[in-house]
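# Topology and contacts: notes
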Amino acid sequence: IRETINSHFDKEEKLFEQGIKCLSLFFIDEVAKYRQYDDDGEEVLGEYGRIFEEEYTAALNERIMLFPTSYQAYLRGIATNETHRGYFSIDKRGHAVNSTVRRGSDESDDISAYDLILKRKEVLLSLEEPTRFIFSHSALREGWDNPNVFQICTLKHSDNATAKRQEVGRGLRLCVNSIGERQDLEACGETLVHNVNMLTVVASESYADFVADLQSEIKSDLYERPTKASVDYFSGRTIYLSDEQTHTLTDTEAKAVYNYLVRNDYVDDNGEVTDTYRNASETGSFAPMKPELAHLAGSVHKL
């Protein structure tokens, strides 16, 4: 919990000036460890809830400075007990209970104790809304999807790879800013898009084998993808000139494209893309292609 909070603060401070709300998601094994009920039926914090508030307050005190920035003012304006919420099933008495799965269905019967988390996504993504940390018992299989989950913490142990994929998948989204603009390649550029859309998973030991297998699987899938530019790579490629019009590059056009890349130092002697090309891509300052290739330029650069 401490590591997740610290990671959250580190990420949040960078995102704040860009108007991007940072959320963290905890998956727990028992609802009672986060939320309990006293003899009068009133909600009280469970073990995880108490630990969270203690660790959050300690981390916050370390970060509050004498010379406040706008981010510092933002932190000061959020009460500790208002910045975390739970998302669980509700029993007939209105008490949170562990999630189950309907028989014959892959959908969870979770319903939200807070409409904010499930139904009011645009409010949750607002910097004015204090909720930044969400505790859940299930992987939210019924379709809950928020693009701004930047930290996932697994406080449960499981050998179920499918469940782990569902959990990690909650953070594999391109985030949006406070006015709903997707922070994709077009909005951020090739370098920044990866720095902004980075997911941190604070995982239990049960994730070790899962991560190793997942990385191996990804490496295998990517192995066949081309990593170098060549005449053969471009020759015979079908590109889109518009939504309805396509064009297949001829051998002559492929040679001309490759020569264009070499001539402008966009590829090195091994055919690998250079920093000169990456910089031109970032700034949109590509050298013009020959007039007979100009109409192909946008599609060629996408390749």
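Quantities reported herein were computed from a predicted structural model and do not represent experimental measurements. (Residues numbered from 1 in each chain as written. Predicted model: local features only at pLDDT ≥ 70, side-chain atom pairs only at ≥ 80, totals over all residues. Heavy atoms only, no water.)

## Considering a negative patch on the surface
On the surface, a cluster of negative charge is contributed by D38, D39, D40 and E42. Structurally, E42 can be placed in the loop between β2 (35-37) and β3 (43-45). (Patch = residues over 30% accessible without salt bridge, like charges linked within 9 Å, V, L, I, M, F, W, Y side chains within 5 Å. Areas by Shrake-Rupley, 256 points an atom, 1.4 Å probe, with all protein chains shown as cover. Salt bridge = Lys/Arg side-chain N within 4 Å of Asp/Glu carboxyl O. Lys, Arg positive; Asp, Glu negative; His and termini not counted. Charge placed at Lys NZ, Arg CZ, Asp CG, Glu CD. Helix = DSSP H or I, 4+ residues; strand = E, 2+ residues; numbered from the N terminus.)

## Notes on the packing of helix α1 (residues 2-16) against helix α2 (residues 47-63)
Packing of α1 against α2 brings their axes to within 9 Å, and their N-to-C directions diverge by 40 degrees. By the angle between their directions, the pair α1 and α2 is classed as oblique. The two elements α1 and α2 cross, and the hand of that crossing is right-handed. Here R2, I5, N6, F9 and D10 of α1 come into contact with α2, specifically with F52, E55, Y56, A59, L60 and R63. (Axes fitted to C-alpha atoms, helices over the stretch in contact; angles between N-to-C directions. Parallel < 35°, antiparallel > 145°, perpendicular 65-115°, else oblique. Left-handed = near helix turned anticlockwise from the far one by under 90°. Contact = heavy atoms within 4.5 Å.)

## A short note on the nonpolar core
Counting 21 residues, the largest nonpolar core has I5, F9, F26 and F52 as its most contacted members. Of all the secondary-structure elements, those providing two or more residues to this core are α1, β1 (23-28), α2, α3 (70-76), β7 (133-136) and β8 (149-155). Here this core gets five residues from one element, more than from any other, and that element is α2. Discounting chain neighbours no more than four positions away, the residues touching I5 are F52, E55, Y56, A59 and F133. The next biggest cluster of nonpolar side chains, apart from the first, holds 20 residues, and it includes A229, Y233, Y266 and A297. (Core = buried A, V, L, I, M, F, W, Y, C linked by side-chain atoms within 4.5 Å. Buried < 20%, exposed > 50% of the residue type's maximum accessible area, 1.4 Å probe, protein only.)

## Describing unusual backbone geometry
Phi angles above zero are rare outside glycine, and D265 is one such case at about 60 degrees. Mapped onto the elements of the fold, D265 is located in the loop between α11 (251-263) and α12 (275-283). What makes D265 partly exposed here is its relative accessible area of 43%.

## As for the sheet that holds strand β9 (residues 200-202)
Spatial strand order, β4-β7-β1-β8-β9: five strands in an open sheet with parallel pairing. The open sheet is flanked by β4 (84-87) and β9, the only strands paired with a single partner. Each neighbouring strand pair of the sheet contributes to a mean axis angle of 20 degrees, computed without reference to strand direction. Packing against the sheet, α2 makes contact with β1, β4, β7 and β8, and its axis sits at approximately 165 degrees to β7. (Pairing = 2+ DSSP bridges.)

## Topic: the pairing of β1
Counting buried positions over the six residues of β1 gives six, a clear majority of the element. Residues L23, L25 and F27 line one face of β1 and the alternating positions S24, F26 and I28 line the opposite face, and both faces are buried. Bridging between β1 and β8 involves six bridges; their strand directions are parallel. Paired with S24 across the strands is Q151, a residue of β8. Across four bridges, β1 lies against β7 in parallel orientation.

## Some words on the state of the cysteines
Taken as a whole and assessed by the stated rule, the structure comprises zero disulfides. In this structure C175 is a free cysteine whose sulfur lies 6.6 Å from that of C188, the closest cysteine sulfur available. (Disulfide = S-S within 2.5 Å.)

## A closer look at the side chain of S299
Inspection of the secondary structure assignment puts S299 in helix α13 (residues 297-302). Residues within four places of S299 in sequence aside, it is in contact with I239, Y240 and L241.

## With respect to the packing of aromatic side chains
Evaluated as defined, the whole model comprises 18 aromatic pairs. Pairing F26 with F133 gives two aromatic rings, centres 6.5 Å apart and planes at 35 degrees, and the pair type is tilted. Separated by 107 residues along the polypeptide, F26 in strand β1 and F133 in strand β7 bring together distant segments of the chain. What links up through ring pairs into an aromatic cluster is the set F9, F26, Y34, F52, Y56, F133 and F135. In this structure, K164 packs its charged tip against the face of Y207, placed 5.3 Å from the ring centre. (Phe/Tyr/Trp six-rings, centres within 6.5 Å; stacked < 30°, edge-to-face > 60°. Lys NZ or Arg CZ within 6 Å of the ring centre and 35° of its normal.)

## Things to note about the pattern of salt bridges
Counted according to the given criterion, the structure contains nine salt bridges. Note that K33 and D29 form a salt bridge whose closest N and O atoms lie 3.2 Å from each other. Accessibility expressed as a relative area gives 29% for D29, which makes it partly exposed.

## As for the confidence of the model for the protein chain
Confidence along the protein chain averages 84 in pLDDT terms, with 86% of residues attaining 70 or more. In the model, residues 100-114 has pLDDT below 50 throughout and makes 37 contacts with residues more than four positions away in sequence or in other chains. (pLDDT = per-residue confidence, 0-100.)

## Examining the packing of helix α6 (residues 161-169) against helix α9 (residues 207-223)
The geometry of α6 relative to α9 is characterised by a closest axis approach of 11 Å and an angle of 75 degrees between their N-to-C directions. Judged by the angle between their axes, α6 and α9 are roughly perpendicular. On α9, the residues touching A161, K164, R165, E167 and V168 of α6 are Y207, F210, L214 and E217. Here the residues of the contact of α6 with α9 are counted per class, giving five nonpolar, no polar and four charged. (Nonpolar A, V, L, I, M, F, W, Y, C, P; charged D, E, K, R; others polar.)

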